[in-house]
Amino acid sequence: MKQRIALRGDLLDLTADPGWQVDPGAAVRFRPDHWLLVDEHGRIHGACADDAGADAWLAPGGRRIDCRGQLVTPGFIDTHVHAPQVDVIASFGTELLEWLNTYTFPAERKYADPVQAERGSALFLDALLACGTTSALVFPTVHKVSAEALFGAAAQRGMRILAGKVLMNRHAPEGLLDDVDQSERDCVDLIERWHGRGRAGYAVTPRFAATSTPEQLAMAGRLCAAHPGVYLQTHVAENRAEVRWMAELFPEARSYLDIYVRHGLMNDRAVFAHGIWLDDTDRAVLREAGASIAFCPSSNMFIGSGLFDWRQAESQGVAVNVGSDVGGGTSLSMLRTLADGYKVLALQGQKLTAWKALHAATLGAAEQLKLADEIGSLRPGTLADLVVWDWAQGPVAQRRHEVARDLHERVFAWMTLGDERYVASTWVAGEERYRRPGPAASPLDRP
Ligand code: GUN
Ligand code: ZN
């Protein structure tokens, strides 16, 4: 049993999809200088403005945390990221297929070693927490031990992580290949041991259609059908050369997305990364299935994949959330990722409001993943996965913050200028799991 908590700051969360308006109506809930009340089970109880309310909640033994002047949001949800690719972030000079062969596959081979997988998973999850991301849909590697290590490290930190052993039985180097029967046994075992245990959720994870035979894709489809609560994650229509290759590999499919449909890999728990080069029929298929796209703007720019058209996807009823896609993406910070999202949309004449961006990275993702009772907002009853942020750092951001004329300007400047350095602390189910190190004392300061 934990202590009760009252945490004071400027509370900001979304209560609904705000649409694309700067004026979001009631969808944005801003409660400046309020106490957020968290119970002894790590769940949000409510909020109050007055100290007396906080005192009454805490009674003897509770913990008061005064973050006055700082911003408090729900923890971010990254809907597409690769744990082992921290080792290849910021790799120079390639597009997707060459990038995979040159940098990514060699790095992922290291995760056959359980010690490497454990160290890497711990580093990755601590890095997410330091960025203010408390939940994610994660690719480990093809190795069963890499999924074990990730789930184990997430359990130690109390984090809501969705993941699954990557499936790939062709078009990858030795040391990164599985086979249909063994991978099926591994997945069934991992589902039985991890899915629904604590905050873990299993995601069937065929890397992308090119690295699985039709038999393995069909096996993945059977797993989804046999375990209706599990998620599905993969990549689709990211890069034009990749799309052409898929057409050669699966000539019978109408489109790249259709390969997944034909193998039973289309449902309302499916998250498809990228989806830049889809057509109207594909988008109708996604809408009807209730599946979603993880928009990964940093990655799409860095490895030169293309500009995702969010407004078009949404106008055709497709749910869109946001992923960092490290190591194609260049930051685990969802603030940096959202700021990149703004720029990708700006290049297409669209404007991503701070509200729409925040919704996609919090409540919107939680709802799409059917986890809104647990994460994504400051709603009473949800777990207290929280981030305390500086509003601004340094003279330029500070000045911009001070002259902001309204709340959207202030939050948009925070989103655009901020990154992991703005994170003061990150809380998971009411426990502080990251605190920014204080400035080291200078030897000159000593008496
Ligand atoms: N397509 C298949 N594998 C990957 C990957 O690791 N990263 C990205 N961005 N796209 C992929
Ligand atoms: Zn990816």
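This one's a predicted model, so the numbers in the text were calculated from it and none came from an experiment. (Residues numbered from 1 in each chain as written. Chains lettered and ligands numbered in written order. Predicted model: local features only at pLDDT ≥ 70, side-chain atom pairs only at ≥ 80, totals over all residues. Heavy atoms only, no water.)

Draft legend 1. Representation of the pattern of salt bridges within the structure. The full count for this structure, using the stated rule, is 32 salt bridges. The closest approach of N and O atoms between Arg64 and Asp55, which form a salt bridge, is 2.8 Å. A residue is classified by how much of its surface remains accessible, and Arg64, at 44% relative accessible area, is partly exposed. Taking relative accessible area as the criterion, Asp55 reaches 38% and is therefore assigned partly exposed. Note that Arg421 is salt-bridged to Asp419, the shortest N-O span being 2.4 Å. Given a relative accessible area of 4%, Asp419 falls into the buried group. Each of Lys144, Glu148, Asp189 and Arg193 takes part in a single network of salt bridges with overlapping partners. (Salt bridge = Lys/Arg side-chain N within 4 Å of Asp/Glu carboxyl O. Buried < 20%, exposed > 50% of the residue type's maximum accessible area, 1.4 Å probe, protein only.)

Draft legend 2. Expanded view of the site of ligand 1. With respect to spatial proximity, the complete set of residues near ligand 1 consists of His82, Gln85, Leu96, Trp99, Leu100, Arg207, Phe208, His235, Glu238, His274 and Asp325. One of the side-chain nitrogen or oxygen atoms of Arg207 is found 2.7 Å away from an oxygen atom of ligand 1. At 3.5 Å from a nitrogen atom of ligand 1 is found a side-chain nitrogen or oxygen belonging to His235. Protein contact buries 100% of the 280 Å² of open area that ligand 1 shows by itself. Broken down by element, the shell around ligand 1 gets its largest block of residues, three residues, from helix H2 (residues 96-109). Here the shell around ligand 1 is built from residues that sort into four nonpolar, four polar and three charged. (Near = heavy atom within 4 Å. Polar contact = N/O pair within 3.5 Å; in protein donor to acceptor, adjacent residues only side chain to side chain. Areas by Shrake-Rupley, 256 points an atom, 1.4 Å probe, with all protein chains shown as cover. Helix = DSSP H or I, 4+ residues; strand = E, 2+ residues; numbered from the N terminus. Nonpolar A, V, L, I, M, F, W, Y, C, P; charged D, E, K, R; others polar.)

Draft legend 3. Fine view of H2. Where H2 bends most, at Tyr103, the angle is about 35°, and the proline Pro106 comes one to four residues later. Listed as buried for H2 are Leu96, Trp99, Leu100, Thr104, Phe105, Ala107 and Glu108. Looking at the buried residues of H2, the elements they touch are helix H7 (240-249). (Bend = angle between axes of the 7 residues up to and from the residue. Contact = heavy atoms within 4.5 Å.)

Draft legend 4. Structural detail: the sheet that holds strand E2 (residues 28-38). Strand order in the open sheet formed by seven strands is E3-E2-E1-E4-E14-E15-E16, with mixed pairing between adjacent strands. What marks the edges here is a single partner per strand, and that holds for strand E3 (44-48) and strand E16 (431-435). Strand-to-strand twist of the sheet, defined as the mean angle between neighbouring strand axes without regard to direction, takes the value 40°. (Pairing = 2+ DSSP bridges. Axes fitted to C-alpha atoms, helices over the stretch in contact; angles between N-to-C directions.)

Draft legend 5. Just unusual backbone geometry, in detail. For the peptide bond that leads from Val326 to Gly327, omega is 5°, which places it in the cis range. You can see Gly327 is positioned in the loop between strand E13 (319-322) and helix H12 (334-346). Positive phi values are uncommon outside glycine, yet His171 reaches one of about 55°. In this fold, His171 is placed in the loop between strand E8 (166-167) and helix H5 (180-194). At Ala429, a position not held by glycine, the phi torsion is positive, near 45°. Mapped onto the secondary structure, Ala429 falls in the loop between strand E15 (423-428) and E16.

Draft legend 6. Molecular detail of the coordination of the zinc ion (ligand 2). Looking at the metal site, the zinc ion (ligand 2) is ligated by His80 (NE2), His82 (NE2), His235 (NE2) and Asp325 (OD), spaced 2.0 to 2.3 Å from it. Angles of 91 to 167° at the metal separate the four donor atoms of the zinc ion (ligand 2), which places the site in the irregular class. All donors of the zinc ion (ligand 2) belong to a single chain; written as a sequence motif, their spacing is H-x1-H-x152-H-x89-D. One end of the pair, His82, is in strand E5 (residues 76-82); the other, Asp325, is in the loop between E13 and H12, and 243 residues separate them in sequence. Taken individually, His82 and Asp325 each receive the classification buried, so the pair is uniform in this respect. (Donors = N, O, S within 2.8 Å, 3.2 Å for Na, K, Ca; no water. Tetrahedral: all angles 85-135°; square planar, octahedral: opposite > 155°, others 65-115°.)

Draft legend 7. Representation of the nonpolar core in the model. Counting residues in each nonpolar core, the largest one holds 124 residues, and the members touching the most others are Phe272, Trp310 and Trp414. The next biggest cluster of nonpolar side chains, apart from the first, holds 15 residues, and it includes Ile65, Val388, Ala424 and Trp427. (Core = buried A, V, L, I, M, F, W, Y, C linked by side-chain atoms within 4.5 Å.)

Draft legend 8. Representation of the layout of surface pockets within the structure. Here the largest pocket defines a volume of roughly 190 Å³. Taken together, 13 residues form the lining of the largest pocket, with Asp17, Ala319, Val320, Asn321 and His359 sitting closest to its centre. Breaking the lining of the largest pocket down by element, the ones donating at least two residues are helix H11 (310-315), E13, helix H13 (354-361) and helix H14 (363-368). Taken together, the residues of the lining of the largest pocket break down into five nonpolar, four polar and four charged. (1 Å grid on protein atoms, 1.4 Å probe; cavity = no way out; pocket = protein on both sides within 12 Å on 5 of 7 lines; lining within 4 Å. Points joined across faces, edges and corners; volume = space filled by probe spheres on them.)

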